Amino acid sequence: MLERIREGSQGPWAMAIIVLIVLSFVLAGVSSYVTSSGVTAAAEVNGEEISQQDVERAYQSQRARLEAQFGEGIGALFSDENYLRDFRLNVLDRLIADTLVLQKADELGLRVSDKQIREAIVQMQEFQTAGTFDNERYLMLLRQNGFQPATFSDYMRQQMTREQLARAVSASDFALPAEITLANALQQQTRNAEYLIVDSAPFASSVEITEEDVNTYYESNLAQFDTQEKVDIAYVVLSVDDLKGDVTVTDGEIEQYYTENSALYKTTEERRVSHILIEFGDDEAAAKDKVEALAAELANGADFAALAMANSADTFTADNGGDLDFLTQGMMDPAFDDAAFALANVGDVSDVVKTEFGYHLIKLTDIKPEEVTPLADVSDDIRAQLATDKATDRFYALQSEMANLAFEVADTLEDVAGVANKSVQKTGLVNAQMVPAPLNVPAVTSRVFDPAFIEEGLNSDLIELNDDTVAFVRIAGHEPQRTQSLDEVRTRILAQLRADKAQQAAVEWATNVVEQLKAGETPSLELGDVTLSWESKEALTRNSGELPRAMVETLFTLGNAAPNNIDIAELGSGDVGIVKVTAVNQPAALAEEDSAALAQQIATANAQTGYQAFIDALRNAADVKINL
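Reading the values: the criteria
- Residues numbered from 1 in each chain as written.
- Predicted model: local features only at pLDDT ≥ 70, side-chain atom pairs only at ≥ 80, totals over all residues.
- Heavy atoms only, no water.
- pLDDT = per-residue confidence, 0-100.
- Contact = heavy atoms within 4.5 Å.
- Pairing = 2+ DSSP bridges.
- Helix = DSSP H or I, 4+ residues; strand = E, 2+ residues; numbered from the N terminus.
- Axes fitted to C-alpha atoms, helices over the stretch in contact; angles between N-to-C directions.
- Buried < 20%, exposed > 50% of the residue type's maximum accessible area, 1.4 Å probe, protein only.
- Salt bridge = Lys/Arg side-chain N within 4 Å of Asp/Glu carboxyl O.

### Topic: the confidence of the model for the chain
Here comes step 1: Residues with a pLDDT of 70 or more make up 92% of the chain, whose mean pLDDT is 87.
Here comes step 2: Throughout residues 1–39 the model reports pLDDT below 50, and contacts reaching past four residues in sequence, or to other chains, amount to 81 contacts.

Structure follows, in structure tokens:
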């Protein structure tokens, strides 16, 4: 069984899943999976702690992904305490599920080899340049996210071990031929229909509405007549972009900036090196003897790549003769850096170098020298940067002065606007969902709909809309939430009641027609001055838009033989439909390729259900304590 599980985790499909799982954490900033000591556990799973820090990192990671996908608008959801609580609980539930799966994988003795880890890393698109694994990019991203190659490999091993079990559980699902046939018949079946659409308008004139009807509807639907609170927001907005047109940048300033920031216009020297790593293990002296012996072999002409492949503890680079690709200073351990950039010529090999990872021998294999970009090539960029810098300086000076005036002259924004040579604008009466840009951000909406702020009637403090835009607001008008009186909404209620009763009368008329047809009679289809006639449609699908949605849904609930092949449907327009099945058209047998695709869809759906059941079973059998 274990062998089959291991084999199931080898394919490209499994590797693709692993890439998605791992990088959703790594590139969102999860820098460690080790629980910090001294941190109160958010949960305990069979005695294993999930720290508050773990939950916070996972929460920030998931929130960052949502904000990247849906933009800043998602921030309004996170300002809701109930949503935020539920979101964090869902994050914790996922961490508990991950822990349970990993514990089960360890119990079953599942393992991932170093070779599998290397292959998975090489396949990650985030570590590739032009479709090829880029070791420099790999090392850079690891450093940015707080990983060393060894700890990242451990992290990958943990994720891939968990994925072995997840893949084994999911891969056990399949679809039977009968399921495929039935699913195809249900999904692709079409129906022929005859139908009538009964207009409710002719019934409206005979509808009677009493005062009691109006009062009852009003009392039963008071929430419909609640108006939303509205405010008229007076505001002044200042942004860096507003000020760029007021600043000038001279050629002399550009030249000075270029000179003072010359390092920005130089490409850093890069060195390609290979290394041999001998880890300390339990006997550091023995490790040093081994690396010195290798150094002696190199001095006597031994091939560096061959020795790296045979001896280096860095198994990922050992297969490539120890090649680390191009490095810049600061990318590696300081001692490693110093030794690599002290080598004078391509082909030179360092003395033994000690780092926290062990002993190294380093060989210089290539050099990309420093290059300087001419001023002419970057002049426009520097001009734009200096203009932004000057506008930003002016922005901060103005906003400080405006903030002082907003406090000192608190009953008007005119003085605040005058400082920046701007005018006071107003939104008109708007509810919380209709606040226009650029004010439609939580920092503003939470303030202008704060009862205390409304009652105070004074200027706000400075409100940051984003990094380079600020606003000052005050309430110029206010319309509180209230329930409209019956007199205010009487006309609306009368119209609604008339429409409802007209549709109900149409339902009764249509029901009578259907009952006569089921009884084998021929009903009259005269409706006022109009005589309705049956119309027909052929090969209607479940998603057809040729008839109103309610009629299509009703059509696919009916049988193919009288009296169960006809029924009515109340339409959203207020009218009523009568629909009758005249034929059920079964789809043709699936081609082999289509059958395989449908089988995969069914198996995937079954796998999702089965995997969730597996997680539920693990949790039911586990000792899970949540500390909130």
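### Considering the sheet that holds strand β21 (residues 566–570)
Here comes step 1: Pairing is antiparallel across the open sheet formed by four strands, whose spatial order is β20-β5-β22-β21. Pairing within the sheet leaves two strands with one partner each, and these edge strands are β20 (535–540) and β21. Averaged over all neighbouring strand pairs, the angle between strand axes comes to 30°, with direction disregarded.
Here comes step 2: Sheet strands touched by helix α22 (residues 486–518): β5 (190–198), β21 and β22 (576–585). Its angle to β21, the strand with the most contacts, is close to 175°.

### Description of unusual backbone geometry
Here comes step 1: Residue P438 is reached from A437 by a cis peptide bond, and omega for that bond is 0°.
Here comes step 2: Position of P438 relative to the elements: it lies in the loop between β14 (425–430) and α20 (442–448).
Here comes step 3: Here the amide bond leading from A562 into P563 is cis, since omega sits at 5°, within 30 degrees of zero.
Here comes step 4: On the secondary structure map, P563 appears in the loop between α23 (549–555) and β21.
Here comes step 5: Even without glycine at this site, D325 takes up a positive phi of about 65°.
Here comes step 6: One can find D325 in strand β10 (residues 323–327).
Here comes step 7: A residue is classified by how much of its surface remains accessible, and D325, at 16% relative accessible area, is buried.
Here comes step 8: The residue N421 is not glycine, and still its phi comes out positive at about 55°.

### Quick look at the pattern of salt bridges
Opposite charge on two side chains makes pairing possible when the charged atoms of those side chains draw close.
Here comes step 1: Summed over all chains, the structure comprises 22 salt bridges.
Here comes step 2: A salt bridge links D86 to R85, with the shortest nitrogen-to-oxygen separation between them at 3.8 Å.
Here comes step 3: Assessed through its relative accessible area of 37%, D86 is described here as partly exposed.
Here comes step 4: E284 serves as the salt-bridge partner of K354, at 2.9 Å between the closest nitrogen and oxygen. Of this pair, K354 sits in strand β11 (residues 353–355) while E284 sits in helix α14 (residues 284–299), placing them 70 residues apart in sequence.
Here comes step 5: Shared partners join several salt bridges into a network, and the residues in it are E211, D487 and R490.

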